[in-house]
Amino acid sequence: QVQLVESGGGLVQTGGSLRLSCAASGRTFSSYNMGWFRQAPGKEREFVAAITGRGRYAYYVDSVKGRFTISRDNAKNTVYLQMNSLKPEDTAVYYCAATEGAVSPQSREANFGSWGQGTQVTVSS
């Protein structure tokens, strides 16, 4: 397994931007496909975005397409989630996750074996 630590969350107004980072331990980071999930109060954890090991393919949930961008820097063992045009409904705890399996727009929580501790994102109206 890989250890993951998220950072970059915070409070932002509607329409603002944040960039989340997820730093991974280990020397085989590029062998992991990475994902971002989020969990709002009272709701289940949902898939947000995923990226393949070399960064060639990225997938998004429909609600964030055109606003969020997932990227990775394998030299820094870090995956990012750039979030623009934020809305109050984006308020949630955001989690970084890693998998040695495939990722797709239908990726689910159960597909990922390593998780970070989460970082809070709050969008005020």
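Quick caveat: nothing in here was measured; it's all calculated off a predicted structure. (Residues numbered from 1 in each chain as written. Predicted model: local features only at pLDDT ≥ 70, side-chain atom pairs only at ≥ 80, totals over all residues. Heavy atoms only, no water.)

### Here's the deal with the nonpolar core
Part 1 of the reasoning: In terms of nonpolar packing, the biggest core is built from 29 residues, with Met34, Trp36, Val79, Leu81, Met83 and Tyr94 touching the most fellow members.
Part 2 of the reasoning: Counting residues in hydrophobic clusters, the runner-up holds 6 residues, among them Phe37, Phe47, Val103 and Phe112. (Core = buried A, V, L, I, M, F, W, Y, C linked by side-chain atoms within 4.5 Å. Buried < 20%, exposed > 50% of the residue type's maximum accessible area, 1.4 Å probe, protein only.)

### What about the state of the cysteines?
Part 1 of the reasoning: Per the stated rule, a full pass over the model turns up 1 disulfide.
Part 2 of the reasoning: Here Cys22 connects covalently by a disulfide to Cys96, the sulfurs 2.1 Å from one another. Its torsion about the S-S bond being -75°, the disulfide of Cys22 and Cys96 is classed as left-handed. Of the two residues, Cys22 sits in strand 3 (residues 18–24) while Cys96 sits in strand 9 (residues 92–99), which places them 74 residues apart along the sequence. (Disulfide = S-S within 2.5 Å. Helix = DSSP H or I, 4+ residues; strand = E, 2+ residues; numbered from the N terminus.)

### Here's the deal with the packing of aromatic side chains
Two descriptors summarise a pair of aromatic rings, namely the distance from one centre to the other and the angle between the planes of the rings.
Part 1 of the reasoning: As enumerated under the stated definition, the model contains 5 aromatic pairs in all.
Part 2 of the reasoning: Between Phe37 and Phe47, the ring centres sit 5.7 Å apart and the planes meet at 75°, which makes this aromatic pair edge-to-face. Linking Phe37 in strand 4 (residues 33–39) with Phe47 in strand 5 (residues 46–51), this pair joins segments that are 10 residues apart in sequence. For the pair Phe37 and Phe47, one class covers both residues: buried.
Part 3 of the reasoning: Taken together, the ring pairs in this structure connect Phe37, Phe47, Tyr95, Phe112 and Trp115 into an aromatic cluster.
Part 4 of the reasoning: One cation-aromatic arrangement involves Arg45 over Tyr95; the distance from NZ or CZ to the ring centre is 3.9 Å.
Part 5 of the reasoning: The ring of Trp115 carries Arg45 above its face, with NZ or CZ at 4.7 Å from the centroid. (Phe/Tyr/Trp six-rings, centres within 6.5 Å; stacked < 30°, edge-to-face > 60°. Lys NZ or Arg CZ within 6 Å of the ring centre and 35° of its normal.)

### A look at the side chain of Asn33
Part 1 of the reasoning: Turning to its location among the elements, Asn33 is positioned in strand 4.
Part 2 of the reasoning: Given the relative accessible area of 14%, Asn33 is considered buried.
Part 3 of the reasoning: Residues within four places of Asn33 in sequence aside, it is in contact with Ile51, Thr52, Gly53, Arg72, Ala97, Ala98, Thr99, Gly101, Ala102, Val103 and Phe112. (Contact = heavy atoms within 4.5 Å.)

### A closer look at the pairing of strand 4
Part 1 of the reasoning: Judged by how many residues are buried, strand 4 sits mostly within the fold: 6 of 7 residues are covered.
Part 2 of the reasoning: For strand 4 and strand 9, the ladder comprises 7 bridges, and the chain directions are antiparallel. From the neighbouring strand, Met34 faces strand 9, where its bridge partner is Ala98.
Part 3 of the reasoning: Linking two consecutive strands that pair antiparallel, namely strand 4 and strand 5, is a turn of 6 residues; a positive phi of about 80° is found at Gly42 within it. (Pairing = 2+ DSSP bridges.)

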